[in-house]
Amino acid sequence: MAVILQSLPQEAALTKIEYEGPRIALYSRNPTYLTQNSQLVSNMVNTIKKRIVIRTDETIRKPQPESSRIIEDAIPKDVGISGTFFDPVLGEATVFVRKPWMLAQVGDEFDNLELAEKTGWKVRVRKAPRDLSTVASMYRILSETATERTRFFREVGDKIFRDPLIESAEASLMTLGGFAEIGRSCALLSTPESRVLLDCGINPSAKDSLTALPRFDVAGINSDEIDAVVLTHAHIDHTGFLPALFKYGYKGPVYCTEPTMLLMGLLQRDYAARTGSTALYSDKDIDDAIMHTITLTSGIVTDISPDVKLVLYNAGHILGSTSIHLHIGNGNHNLVYTGDFKFGRTLSLENASWNFPRVETMIIESTYGGKEDILPRPEEAEAALANLISSTVSAGGHVLLPVPTVGISQELILVLDRFLKEGKIPPAKVLVEKIVSEATSVYEAYPEFLSRGLREQILSSEGTPFGSSDRFMIVDADALGSEPSIILAPSSMLIGGPSVRYLEQIAGNQNNRLVLLSYQAPETPGRAIQDGSRRITVNGREIELVCRVDKLDGFASHSNYDQLMQYVLRLRPKLRRVLVNHGERSKAQNLASSINKMFKIQTQHPLVQEAIKLL
Ligand SMILES: [Zn+2]
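Worth saying up front: this structure is predicted, and the values here are computed from it rather than measured.

Participant: Outline the overall build of the chain, supporting the account with residue identities and numerical values.
Facilitator: Within the chain one finds 21 helices and 28 strands. Whereas a compact globule of 615 residues would reach a radius of gyration of roughly 25 Å, the chain reaches 25 Å, a difference of no more than 12%. Seen through its C-alpha atoms, the chain measures out along the principal axes to roughly 80 × 60 × 45 Å. Within the chain, the proportion of its 615 residues that are buried is 61%. Counting contacts in the chain only where the partners sit at least 6 residues apart, residues at least 24 apart contribute 73% of the total. Accessible surface for the chain amounts to roughly 24,300 Å². Of this, 48% is attributable to carbon and sulfur atoms. Between the averaged position of the 66 positive side-chain charges in the chain and that of its 73 negative side-chain charges there is a distance of 3 Å.

If you want it as structure tokens, here you go:
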């Protein structure tokens, strides 16, 4: 505090200095001065080695309706404001516009200094997605919990920046879920000072809670003894248990990217709704998780406890997905948890980052860790899909593509849009299930997380690359008409949800076609079909498949075997140990032995309920 006060002149009009979770917030009545003299702030950051953010003092913030009016008057009509949302805790107003390229922007801190001066709010300008409802519901939660969040941010800061009690560095990892299996990803990192949870998922296709939920019972800690939760990405097998953690007493922070926060809320609500009366948690618990989420920008070092620093890196798997880099103690140990990652470009995302400064231990996923898991190249997979669709649609049939809500769905929307434009398939209707469309809106709202090409396309034009053709229609588990169609609906493994209702409608006719495009977990109806069964039972109802069935790899949002090996090869720092997780036992074992043989690194493929000493 002394350094900050000494470095700032009177003009900075500093009113208070507060913790804002892992950051230090400087409140000012003249934020323009600090923004224009950004060198002052960078010098401070270099001296105190902590993140600093500039906030407008509450006393200069105009009431929200008045600020909205000022913003509407200042932004030319042509730019088209779709909505303005306020976060009173951060003093930020986010303005969603249809033509952002018409506005000059300042950059990260304040997009528009003039508007900040007039309203007293830090104004962020963003491109509006087609549907603002998911964004709006997030801001509603953030706004309604403003008082609690302010207090929460201060308490988190107090805990992170307390002096360490113990000098010696130690670290161990306990596997609670997602080891030698896929689903319920969760691991607990313990040091003498802190306990950090890495992901907090469930296995939605498991038959009982002993295999569906992370094994907190063997971890020997209460949920209020955890200091932080870090999430790699929004998929339910990585975040599905989080609201239950809050229900049972966790009150600490959750760290992830901003798109992950939005997408996990969407997926958790859908999961709770689908499990109905047996739901693990309520909407209130989901809101509670969102309220405690602190979003981070990739590539920035953040203190999350007295002895753990966190950096998130792009993982290329779904929007907002990251690999987690943890720096433990005073440079004593560096752990990377890859999460689900794609080491290879997809249509929507950039390749996973691999350029870590130091890594001693790596936890790597192995969904496609088997030697046989060499997937076809994207061009081959696309050509095969176009053929399957064309032949079915020409014969008057429907094509059902069971997909996860987030990930392959958005890739397929891009592919189908191109097929239609280039005439590679007949002009059939593409029916996109409502929740898939809502998730796609989050993709549209965060172009900075997309591949460079898509980002430029979204920011420089009014339309969207995600389904620009008028053949795309949003549906809600509707009855299919007689006109041929291509249907995108979750769940991807046919364990329930709209894809099953569509399957019931198309299964009885051999003119129709089911195409499995994503990973099918053991003991799911999707896996049974993939393995040759043509009679499945879902939620007690039997479906007989007379329709055609195909399996198409190549659209995977996970690295295939070669990409997993390439990734380890590319890592610059010398690894000391690799722990393989997130794969069926035989795949995890195969990847562990391949990495060991090829790179002469110690590898393990632990089961759930193991404790591993890292340091
Ligand atoms: Zn995933």
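Structure shown, so let's carry the discussion forward.
Participant: Can you tell me about the layout of surface pockets, naming the residues and giving the values?
Facilitator: The volume enclosed by the second largest pocket comes to roughly 800 Å³. What lines the second largest pocket is a set of 29 residues, among which Pro204, Thr275, Ile495, Gly496 and Asn539 lie closest to the centre. For the lining of the second largest pocket, the elements supplying multiple residues, two or more each, are α8 (209–212), α12 (258–275), α18 (498–506), β23 (535–538) and β24 (541–544). Here the residues of the lining of the second largest pocket are counted per class, giving twelve nonpolar, ten polar and seven charged.

Participant: Which residues make up the coordination of the zinc ion, and what are the values?
Facilitator: Protein coordination at the zinc ion: the donors are His233 (NE2), His235 (ND1), His317 (NE2) and Asp340 (OD), at 2.2 to 2.3 Å from the metal. Coordination at the zinc ion comes from four donor atoms whose angles at the metal span 91 to 169°, giving a geometry best classed as irregular. According to the relative accessible area criterion, His233 is buried, its value standing at 0%.

Participant: Summarise the packing of α12 against helix α13 (residues 283–291); cite the residues concerned and give the values.
Facilitator: In a pair of packed helices, the angle between the axes and the distance between the axes together describe the arrangement. Two elements in contact, α12 and α13, have axes whose closest approach is 10 Å; the angle formed by their N-to-C orientations is 165°. Here α12 lies roughly antiparallel to α13, going by the angle between them. The two elements α12 and α13 cross, and the hand of that crossing is right-handed. For the pair formed by α12 and α13, the contact residues are Met261, Gly265, Gln268, Arg269 and Ala272 on the first element and Asp283, Ile286, Asp287 and Ile290 on the second.

Participant: Could you give me a rundown of the packing of aromatic side chains, with the residues and numbers involved?
Facilitator: As enumerated under the stated definition, the model contains 13 aromatic pairs in all. Taking the centre distance of 4.7 Å and the plane angle of 80° together, the rings of Tyr313 and Phe356 count as edge-to-face. Of this pair, Tyr313 sits in strand β14 (residues 308–314) while Phe356 sits in the loop between β16 (333–337) and β17 (361–365); the two residues are 43 residues apart in sequence, bridging distant segments of the chain. Its relative accessible area of 15% is what places Tyr313 among the buried residues. Residue Phe356 is classed as buried on the basis of its relative accessible area, which comes to 1%. The cationic tip of Lys16 hangs over the ring face of Tyr27; the distance from NZ or CZ to the ring centre is 4.6 Å. Positioned above the aromatic ring of Trp121, the side-chain terminus of Arg61 is 5.4 Å from the ring centre.

Participant: Can you explain the sheet that holds β16? Please cite residues and give values.
Facilitator: Pairing is mixed across the open sheet formed by seven strands, whose spatial order is β13-β14-β15-β16-β17-β26-β27. One side of each edge strand has no neighbouring strand; the edge strands of this open sheet are β13 (302–305) and β27 (602–604). Sheet twist, expressed as the average angle between the axes of neighbouring strands with direction ignored, equals 25°. Sheet topology places β16 next to β17; three bridges connect them, and they run parallel. Residue pairing for β17: Val336 is matched across the bridge by Met362. Packing of helix α20 (residues 561–570) onto the sheet brings it into contact with β15 (322–328) and β17, and relative to β17 it is tilted by some 165°.

Participant: Help me get a handle on the state of the cysteines, residues and values and all.
Facilitator: Inspection of the entire model under this criterion finds zero disulfides. A disulfide-free cysteine, Cys186 has its sulfur positioned 4.8 Å from the sulfur of Cys200, the nearest such atom.

Participant: Pulling in residues and values, what's your account of the pattern of salt bridges?
Facilitator: Counted under the stated rule, the structure contains 38 salt bridges. Where Arg55 meets Glu20, a salt bridge forms, and the shortest distance between an N and an O atom there is 2.7 Å. Within this pair, whereas Arg55 is found in strand β3 (residues 51–56), its partner Glu20 is found in strand β1 (residues 14–20), the two being separated by 35 residues in sequence. Assessed through its relative accessible area of 4%, Arg55 is described here as buried. Here Glu422 makes a salt bridge to Lys424, at a shortest N to O gap of 2.9 Å. Given the relative accessible area of 46%, Glu422 is considered partly exposed.

Parameters at a glance
Here the residue index of a chain counts from 1 through its sequence in written order. Local features in this predicted model are restricted to residues of pLDDT 70 or higher, and side-chain atom pairs are both shown and tallied only at a pLDDT of 80 or more, whereas totals for entire chains, interfaces and linings draw on every residue. Values shown for side chains rest on all heavy atoms present in the structure; no hydrogens or waters enter the calculation. Secondary structure elements are taken from DSSP: a helix is a run of H or I of four residues or more, a strand is a run of E of two residues or more, and numbering for both begins at the N terminus. Restricting the calculation to C-alpha atoms gives the radius of gyration, and the globule rule supplies 2.2 Å times the number of residues raised to the power 0.38. Buried means the residue's accessible area, taken with a 1.4 Å probe over protein chains only, is under 20% of the maximum for its type, while exposed means over 50%, and partly exposed covers the values in between. Contacts were defined at the residue level, with two residues in contact if any of their heavy atoms lie within 4.5 Å. Only the protein chains shown count as cover for residues, with accessible areas throughout obtained via the Shrake-Rupley method and a probe of 1.4 Å. Charge counting follows a simple rule: Lys and Arg are positive, Asp and Glu are negative, and His as well as the terminal groups are ignored. Positions of charges follow a simple convention, taking NZ of Lys, CZ of Arg, CG of Asp or CD of Glu. The method works on a 1 Å grid over the protein atoms by themselves. A cavity is a set of points holding a 1.4 Å probe that cannot get out, a pocket is an open set with protein on both sides within 12 Å along at least five of seven lines, and residues with an atom within 4 Å of a point line them. Grid points are joined across faces, edges and corners, and a volume is the space filled by probe spheres set on the points. Residues were grouped as follows: Ala, Val, Leu, Ile, Met, Phe, Trp, Tyr, Cys and Pro as nonpolar; Asp, Glu, Lys and Arg as charged; and all remaining residues, including Gly, as polar. Donor atoms (N, O, S) are those found within 2.8 Å of the metal centre, with the cutoff raised to 3.2 Å for Na, K and Ca; water is not part of the atom list, so apparent gaps in a site can occur. In short, tetrahedral needs four donors with all angles between 85 and 135 degrees, square planar needs four and octahedral six donors with opposite donors over 155 degrees apart and all other angles between 65 and 115, and whatever is left is irregular. Axis definition: a line fitted to C-alpha atoms, limited for helices to the stretch in contact. Angles are taken between N-to-C directions and run from 0 to 180 degrees. Note on angle classes: values under 35 degrees are labelled roughly parallel, values over 145 roughly antiparallel, values of 65 to 115 roughly perpendicular, and the remainder oblique. Two helices cross in a left-handed way if the nearer one is turned anticlockwise from the farther one by less than a right angle. They cross in a right-handed way if the turn is clockwise. Any Phe, Tyr or Trp ring, taking Trp's six-membered ring, that has another such ring centre within 6.5 Å forms a pair; planes under 30 degrees apart are called stacked, those over 60 apart edge-to-face, and the others tilted. In this scheme, the term charge over a ring applies when either NZ of a lysine or CZ of an arginine sits within 6 Å of the ring centre and within 35 degrees of the ring normal. For two strands to count as paired, DSSP must find a minimum of two bridges between them. Cysteine sulfur atoms are paired as a disulfide whenever they fall within 2.5 Å. By definition here, a salt bridge exists when the distance from a side-chain nitrogen of Lys or Arg to a carboxyl oxygen of Asp or Glu is within 4 Å.

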